[in-house]
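Descriptive structure summary
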Amino acid sequence: MKCLKVPKSVGEEVRKKLLHQSLLSTAYRIESEDGHLLIPIVDDDVDMEYPVVERDFKKLEQPPSSLTDVVDLPDELVNELPSSYDIVGDIVVVKIPDSLEPYRKPLGESLLKLHKNVNVVLEDRGVEGDFRVRDVVHLAGEHRTSTVYKEHGSEFAIDLTKAYFSPRLATERMRVVEKVQPGERILDMFAGVGPFSVLIARNVDVDKIYAVDMNPDAVELLRKNIRKNSVGKKVEAIEADARGVKVKVDRVIMNLPHSARDFLDHALKSLDHSKGYVHYYEVISTEGLETLESALTDIIKKLGFHAKVIDVREVRTYSASKVHVAVDLEISPLPV
Ligand SMILES: C[S@@+](CC[C@H](N)C(=O)[O-])C[C@H]1O[C@@H](n2cnc3c(N)ncnc32)[C@H](O)[C@@H]1O
């Protein structure tokens, strides 16, 4: 193939010029010969004083950029490959469709190959039970389910089989952090390993956050994360059913999206002087979404409070027919 033979002393300068003029052949490795560099080019119409010569070149290995680059599957199954998966610390968590069942292990090995910083690949079999804990199966790499995950400058100890955690709410968590005002007291009713509580405490000079969870393993990780992020003065971990925690606060976070309605009564009663904000989450059918605002304000009225809906957002798609939504509510006493 054609290349420019240039003295080493001007090699970098010439390479940049060629790149700028779209004449550099980036698929091949630059070689050296007799104190010169041989720079592969895509066209010999180069307006430079150096000679164009012919040489053999080694192709540069391109790092794989998607699963299709690394996995060996029959053609008819390539479209079935998962289009997304989660990376939590150094663990990949992936849902695998039934059609790829015989290829689960090679798929796991391919994910290890694709992500250099990943050491474990787990199959995600869904979240279950009151504690919302994930059922996972080992596919490739080290045999562990714990890791350290970083989000917006905070670090979290995670064990995917002991307590709920999803990196998909990272943007939503930061959005809530931005709403919080200094001096507030907050009740995080379903705190899990503490992502909302810790991120708020690290970013806002709040008075107190009561971080509640009834899963003892979640609370153990939550306590660890409070220490890890040095927020022990602001965040109090409480192992309990949220309904039994009697505190008065300015803001409540209700991230239990399959049954949050059952806890609205307690959330509202926790607001100091019946006033404040509620971040409410629900997994709801796409039809239900149209009437969600009025349904919620009606329920809240029946519970004896007035609700103004500030914002409704789809946090993520949950399934083909369901979405995970966030509703920000401003609560005040019902006018008499
Ligand atoms: C969907 S997870 C949310 C965890 C966390 N907020 C996060 O974003 O990662 C819900 C959590 O609520 C806890 N939980 C369920 N019912 C509860 C209750 N009645 N009281 C306190 N915690 C509860 C579960 O153990 C689980 O950790």
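1. Examining the packing of helix α4 (residues 170–179) against helix α5 (residues 195–203)
Where α4 meets α5, the closest approach of the two axes is 9 Å, and the angle between their N-to-C directions is 45°. Comparing the axis directions of α4 and α5 gives the class oblique. As α4 packs across α5, the resulting crossing turns out to be right-handed. Here Arg-173, Met-174, Val-176 and Val-177 of α4 come into contact with α5, specifically with Pro-195, Phe-196, Leu-199, Ile-200 and Asn-203.

2. Focus: the site of the ligand
As a matter of local geometry, the ligand sits amid 19 residues, with Phe-190, Asp-213, Asp-241, Ala-242 and Asn-255 nearest to it. A distance of 3.2 Å separates a nitrogen atom of the ligand from a polar backbone atom of Met-214. The backbone of Ala-242 places a nitrogen or oxygen atom 2.8 Å from a nitrogen atom of the ligand. When the ligand sits alone it has 600 Å² of accessible area, and the protein chains cover 97% of it. Classifying every residue of the shell around the ligand by side-chain character gives 12 nonpolar, 3 polar and 4 charged.

3. Regarding helix α1 (residues 11–20)
For an α-helix, 3.6 residues make a turn, and residues three or four places apart therefore share a direction. Within the span of α1, buried status applies to Gly-11, Val-14 and Leu-18. One side of α1 holds all its buried residues, which, seen down the axis, span an arc of 70°. Within α1, the exposed residues directed more than 90 degrees away from the buried face are Lys-16 and His-20. Its buried side turned inward, α1 meets β1 (2–7) and β3 (36–40). Following α1 by one or two positions, Ser-22 adopts a phi angle in the positive range, close to 55°.

4. So, the domain arrangement of the protein
Note on interface size: it is often stated as the accessible area lost on association of the parts. Under the domain assignment used here, the protein contains domain 1 (2–54), domain 2 (67–144) and domain 3 (165–333). One C-alpha centre belongs to domain 1, the other to domain 2; they are set 43 Å apart.

5. Digging into the side chain of Asp-124
Assignment of secondary structure puts Asp-124 in strand β7 (residues 120–128). At a separation of 2.8 Å, a polar atom in the side chain of Asp-124 contacts the main-chain amide nitrogen of Gly-126. Filtering out sequence-adjacent residues up to four positions away, Asp-124 remains in contact with Val-93, Val-94, Lys-95, Arg-134 and Asp-135.

6. Focus on the sheet that holds strand β2 (residues 31–33)
Across the sheet, which stays open at both edges, the 4 strands sit in the order β2-β3-β1-β4 with antiparallel pairing between neighbours. Among the strands making up the open sheet, the edge pair consists of β2 and β4 (52–54). Here the strands of the sheet are splayed against their neighbours by 40° on average, with no regard to which way each runs. Note that β1 and β3 share 5 bridges and pair antiparallel. Residue pairing for β3: Cys-3 is matched across the bridge by Pro-40.

What counts as what
Residues numbered from 1 in each chain as written. Predicted model: local features only at pLDDT ≥ 70, side-chain atom pairs only at ≥ 80, totals over all residues. Heavy atoms only, no water. Axes fitted to C-alpha atoms, helices over the stretch in contact; angles between N-to-C directions. Helix = DSSP H or I, 4+ residues; strand = E, 2+ residues; numbered from the N terminus. Parallel < 35°, antiparallel > 145°, perpendicular 65-115°, else oblique. Left-handed = near helix turned anticlockwise from the far one by under 90°. Contact = heavy atoms within 4.5 Å. Near = heavy atom within 4 Å. Polar contact = N/O pair within 3.5 Å; in protein donor to acceptor, adjacent residues only side chain to side chain. Areas by Shrake-Rupley, 256 points an atom, 1.4 Å probe, with all protein chains shown as cover. Nonpolar A, V, L, I, M, F, W, Y, C, P; charged D, E, K, R; others polar. Buried < 20%, exposed > 50% of the residue type's maximum accessible area, 1.4 Å probe, protein only. Arc of directions from axis to C-beta. Domains from an automatic or database assignment. Pairing = 2+ DSSP bridges.

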